[in-house]
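As a plain string of letters, each chain reads:
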Amino acid sequence: MAKSGYCIVKYDNLSLEIDPERPGHSRSYENPDVVAPQAFEKVYPTAAECQVDADKLMATGRGEEIDITLANGSHYKGPRYTYIVAEVTR
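Residues numbered from 1 in each chain as written. Predicted model: local features only at pLDDT ≥ 70, side-chain atom pairs only at ≥ 80, totals over all residues. Heavy atoms only, no water.

Asker: Teacher, can you tell me more about the sheet that holds strand E7 (residues 81-89) here?
Answerer: Where strands meet in a sheet, backbone hydrogen bonds hold them as pairs that are either parallel or antiparallel. The sheet built from 3 strands is open, its strands ordered E4-E1-E7 with antiparallel pairing. Two strands lie at the open edges of the sheet, namely strand E4 (38-39) and E7, each paired on one side alone. Across the sheet, helix H1 (residues 47-60) lies against strand E1 (4-12) and E7, angled at about 160° from E7, the strand it touches most. (Pairing = 2+ DSSP bridges. Helix = DSSP H or I, 4+ residues; strand = E, 2+ residues; numbered from the N terminus. Contact = heavy atoms within 4.5 Å. Axes fitted to C-alpha atoms, helices over the stretch in contact; angles between N-to-C directions.)

Asker: Please clarify how the side chain of arginine 80 should be interpreted in this entry.
Answerer: Mapping arginine 80 onto the fold places it in the loop between strand E6 (75-79) and E7. Sequence-distant contacts of arginine 80, defined by excluding residues within four places in its chain, comprise Tyr11, Asp12, Asn13, Leu14, Asp33, Val34, Val35, Arg62, Glu64 and Ile66.

Asker: It is not clear to me how the pattern of salt bridges should be interpreted in this structure. Could you clarify?
Answerer: When the charged atoms of two side chains lie near each other, side chains of opposite charge can form a pair. A full pass over the atoms with the stated rule returns 6 salt bridges. A salt bridge links arginine 80 to aspartate 12, with the shortest nitrogen-to-oxygen separation between them at 2.7 Å. Placement of the pair is arginine 80 in the loop between E6 and E7 and aspartate 12 in strand E1, with a sequence separation of 68 residues. Per residue, the accessibility class of arginine 80 equals that of aspartate 12, and both read buried. For lysine 77, the salt bridge identified is with glutamate 65, shortest N-O distance 3.9 Å. Linking lysine 77 in strand E6 with glutamate 65 in strand E5 (residues 65-69), this pair joins segments that are 12 residues apart in sequence. Taken as a pair, lysine 77 and glutamate 65 share a single burial class, namely exposed. Residues joined in a network through salt bridges with shared partners are Asp12, Glu64 and Arg80. (Salt bridge = Lys/Arg side-chain N within 4 Å of Asp/Glu carboxyl O. Buried < 20%, exposed > 50% of the residue type's maximum accessible area, 1.4 Å probe, protein only.)

Rendered as structure tokens:
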């Protein structure tokens, strides 16, 4: 039987920037400047426990500030990385 839990996933907000070669689309993860989402190995039994560590990362490890136009045309100025809680099944 599969076991479910929660892990932290690191997202590169630069991936949301408009792709100049594909107007209306965001950058591809094939772009060498963009980091693909990274799921952390540690699995937490509850979303609340996972959120505690995700919040710590959101407060400290967010990378340099970026200033970009998103694929939907809106503007983003802020930290490069975002950490979210995701459900996993193993």
